[in-house]
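Working through the structure, step by step
This is what each chain is made of:
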Amino acid sequence: MSEHEAIRKLLALAAAEALEEGELRRVEEHLRECSSCAAEWDAWRALARGMRGLPTPQAPALLVERTRVQMHARLAAGRDRRLNAWLMGFLVLFSWTLVLGTWPVVRMVSTGALSWLDLSFQRTWTGLAGYTLMGWVVGGVAALIIGLRHATARRAA
Ligand SMILES: [Zn+2]
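The subject of this paragraph is the overall build of the chain. Assigned secondary structure in the chain consists of 5 helices and 0 strands. From first element to last, N terminus to C terminus, the chain shows the α and β order α-α-α-α-α. Out of the 157 residues in the chain, the part that is buried amounts to 4%. Nonlocal contacts in the chain, meaning residues at least 24 apart in sequence, comprise 65% of its contacts between residues at least 6 apart.

Right, here's the structure in full:
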């Protein structure tokens, strides 16, 4: 491809002011020496000037309104997600606090019961393990429900 052809391809971009500094200099240098490219350049420039003079098209009101409604829905969905994450964190923290807080109580009661009723500590420990496991299961179910709700909401959106 000759320099002449290459410049011809760049003229439209130059008229749209879309060329980089180096390319623009190359075009300008060629235009000074080549009259046929200069003539074409004038045509492109006139076209570009005419295009800029055209009134800017306005988006239809209905489209603007629909976009606005969709944006609000997206924002609301984001808020919902943040709330779910917060709720999830709270549930986990709550179950852990419950488990850790229960331990001293169970210890105290079991120690008391040991001296009073002579129950084995082993059984109490098994009970606490079961209780802890139940807490985890409840937390897991809660996470699953939130996850499912999440997926449904996403599909609906
Ligand atoms: Zn030329």
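A few words now on the nonpolar core. Core analysis: the biggest nonpolar cluster contains 6 residues, these being Ile 7, Leu 11, Ala 14, Ala 15, Cys 37 and Trp 41. Residue assignment for this core shows that the elements contributing at least two residues are α1 (3–15) and α3 (35–53). Per element, the largest residue contribution to this core is 4 residues, and it comes from α1. Once residues within four sequence positions are removed from consideration, Ala 14 is found in contact with Leu 19, Leu 24 and Val 27.

Per-residue confidence for the chain averages 83 on the pLDDT scale, and 89% of its residues sit at or above 70. Taken element by element, the predicted model of the chain shows its lowest mean pLDDT in helix α5 (residues 121–156) (77) and its highest in helix α2 (residues 21–33) (95).

In the Ramachandran plot, Glu 17 falls in the positive-phi region, its phi being about 55° despite a non-glycine side chain. Following the sequence through the fold, Glu 17 ends up in the loop between α1 and α2.

Within the element layout of this structure, Gly 89 appears in helix α4 (residues 61–117). Considering only alpha carbons, one finds Gly 89 and Ala 143, 54 residues apart in sequence, at a separation of 10.0 Å.

Turning our attention to the packing of α1 against α2. It is the contact of α1 with α2, at a shortest axis distance of 10 Å, that shows an interaxial angle of 120°. For the pair α1 and α2, the crossing hand works out as left-handed. Here Glu 3, Ile 7, Leu 10 and Ala 14 of α1 lie close against α2, whose contacting residues are Glu 23, Leu 24, Val 27 and His 30.

Close contact between α1 and α3 brings their axes to 9 Å; oriented N to C, the two are set at 20°. The angle between α1 and α3 places the two elements in the roughly parallel class. For the crossing formed where α1 meets α3, the hand is right-handed. Together, His 4, Ile 7, Arg 8, Leu 11, Ala 12 and Ala 15 of α1 and Cys 37, Glu 40, Trp 41, Trp 44, Arg 45, Leu 47 and Ala 48 of α3 make up the contact between the two elements.

Moving on to α1. When the terminal C-alpha atoms of α1 are compared, their 18 Å separation across 13 residues agrees well with the 18 Å that a helix rising 1.5 Å per residue should span. The axis of α1 is deflected most strongly, by about 30°, at Lys 9. If you check which residues of α1 are buried, you get Ile 7, Leu 11, Ala 14 and Ala 15. In this structure, the buried residues of α1 make contact with α2 and α3. Immediately downstream of α1, the backbone of Glu 17 shows phi near 55°, a positive value.

Cut-offs applied
Residues numbered from 1 in each chain as written. Predicted model: local features only at pLDDT ≥ 70, side-chain atom pairs only at ≥ 80, totals over all residues. Helix = DSSP H or I, 4+ residues; strand = E, 2+ residues; numbered from the N terminus. Buried ≥ 20, exposed ≤ 12 C-beta atoms within 10 Å, placed from the backbone. Contact = placed C-beta atoms within 7 Å. Core = buried A, V, L, I, M, F, W, Y, C linked by C-beta atoms within 7 Å. pLDDT = per-residue confidence, 0-100. Axes fitted to C-alpha atoms, helices over the stretch in contact; angles between N-to-C directions. Left-handed = near helix turned anticlockwise from the far one by under 90°. Parallel < 35°, antiparallel > 145°, perpendicular 65-115°, else oblique. Expected span 1.5 Å × (residues − 1). Bend = angle between axes of the 7 residues up to and from the residue.

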